[in-house]
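Structure at a glance
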Amino acid sequence: MGLYTLVALGLTLLMGFAGQVSLGQGAFFLIGAYTSGLLTVGLDPDKRLVDVNAGIDPLVAVAVAPVVTAVVAAVIGVPLLRLRGHYLAFATLAFHLIMVSLLYAQDRFTGGQYGVTVTKPLEIGGHGISGATHAAVVWGLVAVALLLSANLVHSRAGRALQSIATSEPAADSAGINVAVFKLRLFVLAAALAGLAGGLFTFYAQFLGPEDFTIVLSLQFVVMVAVGGLGNVYGAVVGTVSILYLEHKLRVLGAQESLLGWDLPPQAPTILSLGVFGSILITVMLFFPHGLVPALLDSLRSAWRRGPHIR
């Protein structure tokens, strides 16, 4: 939940404040994960098989992951951000497909379908970062990212981004460098996803293409849409709610039968994907701004009606 929240935070800023729909955040999550994983086990495929000490310190690898991801985002962002609307969405989706394809095409380097196993422990000052400690570190980073995101939203740059999301021509006429602001936010969102991916490596201790399917990018969009576009706290609510629901649905789908009907082996996946689609349709139809903004609006309305009721 914490790792996906980091990705959702960047995406909600990108979609809610720059008006850029990205279906490729899973690709940046992938880049961060494989960057930290491959740097840890060693970039030379032959050496990593015989030398357990190959590679660099895991902590350094995690620190490098968001940097590499940000550089990739800066390079591809220049041409991609010339696109708008569904053109940009499909372009970022294609980028995710390309990255997954590279995992198979460069299987000697990335491990392909067999993946990469990371056995080195992540340590800070001699203290192992795993289990509950890993979770505490992740949620600590989420708190820092939330603070920075909230400050960004209420800063001069945040107001510029909101004007861009409202009307790019109007923002441009007001002297705002639209292209630069969009690119910077695109890079920031990618860096957060890369950081989450780098930490995911030492949570899973194994990286394979099945961890980074195209559904992952769609899940991030659903999380942001449920929580509320442009609401940084909504990203947390949306992520936690969706992942908790997914867990419960997989447990339900793992049963042999449901309401007297025998369930197929694919039931957990079918149930989760079907419910995700239903949730997204419901939210877009009845809560277009997300659940958290809708709840806040309801509370404000109830507060305004309060004195009249008394």
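This section reports on the structure supplied with the text. (Residues numbered from 1 in each chain as written. Predicted model: local features only at pLDDT ≥ 70, side-chain atom pairs only at ≥ 80, totals over all residues. Heavy atoms only, no water.)

**Observations regarding the overall build of the protein chain**
Within the protein chain, the regular secondary structure consists of 14 helices and six strands. The C-alpha radius of gyration of the protein chain comes to 21 Å, within 12% of the 19 Å expected for a compact globule of 310 residues. Overall, the C-alpha framework of the protein chain stretches about 75 × 60 × 40 Å when taken along its three principal axes. Expressed as a percentage of its 310 residues, the buried residues of the protein chain come to 47%. Taking as baseline every contact in the protein chain between residues at least 6 positions apart, the subset at least 24 positions apart corresponds to 77%. Surface exposure of the protein chain reaches about 15900 Å², of which carbon and sulfur atoms provide 67%. (Helix = DSSP H or I, 4+ residues; strand = E, 2+ residues; numbered from the N terminus. Rg over C-alpha atoms; globule rule 2.2 N^0.38 Å. Buried < 20%, exposed > 50% of the residue type's maximum accessible area, 1.4 Å probe, protein only. Contact = heavy atoms within 4.5 Å. Areas by Shrake-Rupley, 256 points an atom, 1.4 Å probe, with all protein chains shown as cover.)

**Describing the packing of aromatic side chains**
The tally for this structure, following the rule as stated, stands at ten aromatic pairs. Taking 5.9 Å as the distance between ring centres and 75° as the angle between the ring planes, the aromatic pair formed by Phe200 and Phe212 counts as edge-to-face. In this pair, Phe200 sits in helix α10 (residues 178–204) while Phe212 sits in the loop between β4 (206–207) and α11 (214–227), placing the two residues twelve residues apart along the sequence. With respect to class, Phe200 is no different from Phe212; both count as buried. (Phe/Tyr/Trp six-rings, centres within 6.5 Å; stacked < 30°, edge-to-face > 60°.)

**Digging into unusual backbone geometry**
Within the chain, Gln205 stands out as a residue other than glycine whose phi angle is a positive 60°. Following the sequence through the fold, Gln205 ends up in the loop between α10 and β4.

**Remarks on the nonpolar core**
Residues Tyr4, Phe28, Phe29, Leu30, Tyr34 and Phe212 are the most contacted members of the largest nonpolar core, which totals 81 residues. Ranked by residues supplied to this core, first place goes to α10 with 14 residues. With near-sequence residues (within four places) excluded, Phe29 lies in contact with Tyr4, Val7, Ala193, Ala196, Gly197, Phe200, Phe212 and Leu216. (Core = buried A, V, L, I, M, F, W, Y, C linked by side-chain atoms within 4.5 Å.)

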